[in-house]
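# Observations on the model geometry
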Amino acid sequence: MKFIKRIVVGAFLLGSCNAMALDLEEGNHYQVLPESVQFQADKQVTKIFSVNCPFCYKYEKSVIPGMVKNLPSTINYDAYHISSKSPFGAEASEVLAVAKTVGEAKYKAAKMALYAKIHDEKTKFATGDELIRFGLSQAGISQEEFNRLKGTPEVKQLLAKWDQGIAIAKIQGIPALVVNGKYLINTKSIRSMPMLDEMILELSKK
């Protein structure tokens, strides 16, 4: 799986494939999620990820910006950070959820700082509280504000929504891309950004 994901990311970076007509094949390009793990997300592409995942970090830098930029106005984008990937996945989700409710810029600051700290600097947080303090400092959120917000219905609902991705992550690993909350893109079949754009567009029409 790691080898395959390296090839996929490399193809994106090199732009080695050209856009071409694509006949989507179930089982090859995508799979239909079991009804028990499908979620409500019509006309949306959703990324399932964790800041603890090195391939999620690579996608975040090299794939996601272009993908989001190329989305037509009829298709939304969202990202679900799952709490299940250790170490301290639950704490990371909580920091990111609070940051997102405060503002998108603070969410992005915390997310990218955690990615860089874990994967670029190879830092291993000793405790969940240490991770929380670091994430909050990078987002410019006080401990008092975090304590006040983490128990609010808005944050709890966001965390519950994100964790719908846990069952999906068990199917193919992360990062995972899901269209309409139903169609899981087989990442090993992606050969270029134009191909990914077309896959998302076609699946969104189903």
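Residues numbered from 1 in each chain as written. Predicted model: local features only at pLDDT ≥ 70, side-chain atom pairs only at ≥ 80, totals over all residues. Heavy atoms only, no water.

## Observations concerning the confidence of the model for the protein chain
Per-residue pLDDT for the protein chain averages 91, and the proportion of residues at 70 or more is 90%. In the model, residues 11-20 has pLDDT below 50 throughout and makes 15 contacts with residues more than four positions away in sequence or in other chains. (pLDDT = per-residue confidence, 0-100. Contact = heavy atoms within 4.5 Å.)

## Topic: the environment of G27
Within the element layout of this structure, G27 appears in the loop between α1 (2-14) and β1 (30-32). Taking C-alpha positions, G27 is 9.9 Å from L184, a pair spaced 157 residues apart along the chain. (Helix = DSSP H or I, 4+ residues; strand = E, 2+ residues; numbered from the N terminus.)

## Let's talk about the pairing of strand β2 (residues 44-49)
Looking along a regular strand, one sees the side chains alternate between the two faces of the sheet. Counting buried residues in β2 gives 6 out of 6 residues, a clear majority hidden from the surface. With burial as the criterion, each face of β2 is covered, one bearing Q44, T46 and I48 and the other bearing V45, K47 and F49. Relative to strand β3 (residues 76-81), β2 runs parallel, the two sharing 6 bridges. Paired with F49 across the strands is H81, a residue of β3. In this structure, β2 lies alongside strand β4 (residues 176-179), joined through 4 bridges in antiparallel fashion. Note that in β4 the partner of K47 across the bridge is L177. (Buried < 20%, exposed > 50% of the residue type's maximum accessible area, 1.4 Å probe, protein only. Pairing = 2+ DSSP bridges.)

## Looking at unusual backbone geometry
Geometrically, the link from S86 to P87 is a cis peptide bond, its omega value of 0° lying close to zero. You can see P87 is positioned in the loop between β3 and α4 (89-102). For the peptide bond that leads from I174 to P175, omega is 0°, which places it in the cis range. Its location among the elements puts P175 in the loop between α9 (165-172) and β4. Notably, K122 is not glycine yet its phi reads approximately 60°, a positive angle. Locating K122 in the fold gives a position in the loop between α5 (104-120) and α6 (128-139). The phi dihedral of N180 falls on the positive side, at around 60°, and the residue is not glycine.

## Section: the layout of surface pockets
Roughly 290 Å³ of internal volume is contained in the largest pocket. Along the walls of the largest pocket sit 15 residues, with N52, I118, H119, K122 and T123 positioned nearest its centre. Contributing elements (two or more residues each) for the lining of the largest pocket: α2 (54-62) and α5. Top contributing element to the lining of the largest pocket by residue count: α2, with 4 residues. Taken together, the residues of the lining of the largest pocket sort by class into 7 nonpolar, 3 polar and 5 charged. Computed from the structure, the second largest pocket encloses a volume of approximately 220 Å³. Residue lining of the second largest pocket: E60, I64, P65, V68, Y77, D78, A79, K100, E104, Y107, K108 and K111, and that is the complete set. (1 Å grid on protein atoms, 1.4 Å probe; cavity = no way out; pocket = protein on both sides within 12 Å on 5 of 7 lines; lining within 4 Å. Points joined across faces, edges and corners; volume = space filled by probe spheres on them. Nonpolar A, V, L, I, M, F, W, Y, C, P; charged D, E, K, R; others polar.)

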